[in-house]
Amino acid sequence: MSTDEPFLPVIGDVYEVHRDVRAGAALDKKEWRRAVVVEVPEAGGMIGIVTRTTTKAKPGVHSGKDAASGLTKEGRFDRPGWVQAVHWNPRTVRRVGKLDEALFAKIKERFV
């Protein structure tokens with residue numbers, strides 16, 4: 001796969017997503033932000049994500065450190081968002097892990 005070739009992610013997987021492809025994230029101070037995939041179109045369209053922050057005062061679904069998920073600090077999944085599927089490629093996203101089912105269920109209940 002070339003570095004520009006789009007691919008569809010796996011629901012429940014955690015990725016680092018570049019701010020240039022996250023809808024409405026142009027002013028985000030973090031260039032790369034971790035996010036879990038909550039929706040994947042069959043072809044084209046928008047990929048649904050929920051981004052994560054390590055700011056403790058933010059509301060959202062708490063998530064602790066978890067090596068299997070690629071989460072290295074305490075944090076919260078706090079903001080739903082979208083990425084156009086055409087921009088989801090190895091240059092703009094990096095897979096870091098998979099959320100456990102219980103945490104993913106809480107995120108889906110709140111944001112989907």
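Cut-offs used in this document
- Residues numbered from 1 in each chain as written.
- Predicted model: local features only at pLDDT ≥ 70, side-chain atom pairs only at ≥ 80, totals over all residues.
- Heavy atoms only, no water.
- Helix = DSSP H or I, 4+ residues; strand = E, 2+ residues; numbered from the N terminus.
- Rg over C-alpha atoms; globule rule 2.2 N^0.38 Å.
- Buried < 20%, exposed > 50% of the residue type's maximum accessible area, 1.4 Å probe, protein only.
- Contact = heavy atoms within 4.5 Å.
- Areas by Shrake-Rupley, 256 points an atom, 1.4 Å probe, with all protein chains shown as cover.
- Lys, Arg positive; Asp, Glu negative; His and termini not counted.
- Charge placed at Lys NZ, Arg CZ, Asp CG, Glu CD.
- Arc of directions from axis to C-beta.
- Polar contact = N/O pair within 3.5 Å; in protein donor to acceptor, adjacent residues only side chain to side chain.

Novice: Help me understand the overall build of the protein chain, please; the structure alone is not making it clear to me.
Specialist: From N to C terminus, the protein chain includes one helix and six strands. Listing each helix as α and each strand as β along the protein chain from the N terminus yields β-β-β-β-β-β-α. Relative to its length of 112 residues, the protein chain is compact, with a C-alpha radius of gyration of 13 Å against a globular reference of 13 Å. Along the first, second and third principal axes, the C-alpha set of the protein chain runs to 35 × 30 × 25 Å. Relative to its full complement of 112 residues, the protein chain shows a buried share of 41%. The long-range share in the protein chain, meaning contacts at least 24 apart out of those at least 6 apart in sequence, stands at 62%. When the accessible surface of the protein chain is summed, it comes to about 6600 Å², and 52% of that surface belongs to carbon and sulfur atoms. Where the 20 positive side-chain charges of the protein chain centre and where its 15 negative ones centre are 8 Å apart.

Novice: When you look at helix α1 (residues 101-111) in this model, what are you seeing that I'm missing?
Specialist: Because each turn of an α-helix spans 3.6 residues, side chains separated by three or four positions in sequence point in the same direction. Listed as buried for α1 are L103, F104 and I107. Down the axis, α1 shows its buried residues gathered within 100° of arc, on one side only. Seen from the buried face of α1, the exposed residues on the opposite side, beyond 90 degrees, are E101, A102, K106 and E109. Close packing links the buried residues of α1 with β2 (32-39), β3 (46-53), β4 (61-63) and β5 (75-84). Regarding α1, its N-cap is D100, as a side-chain oxygen of that residue lies 3.0 Å from the backbone nitrogen of A102 further along.

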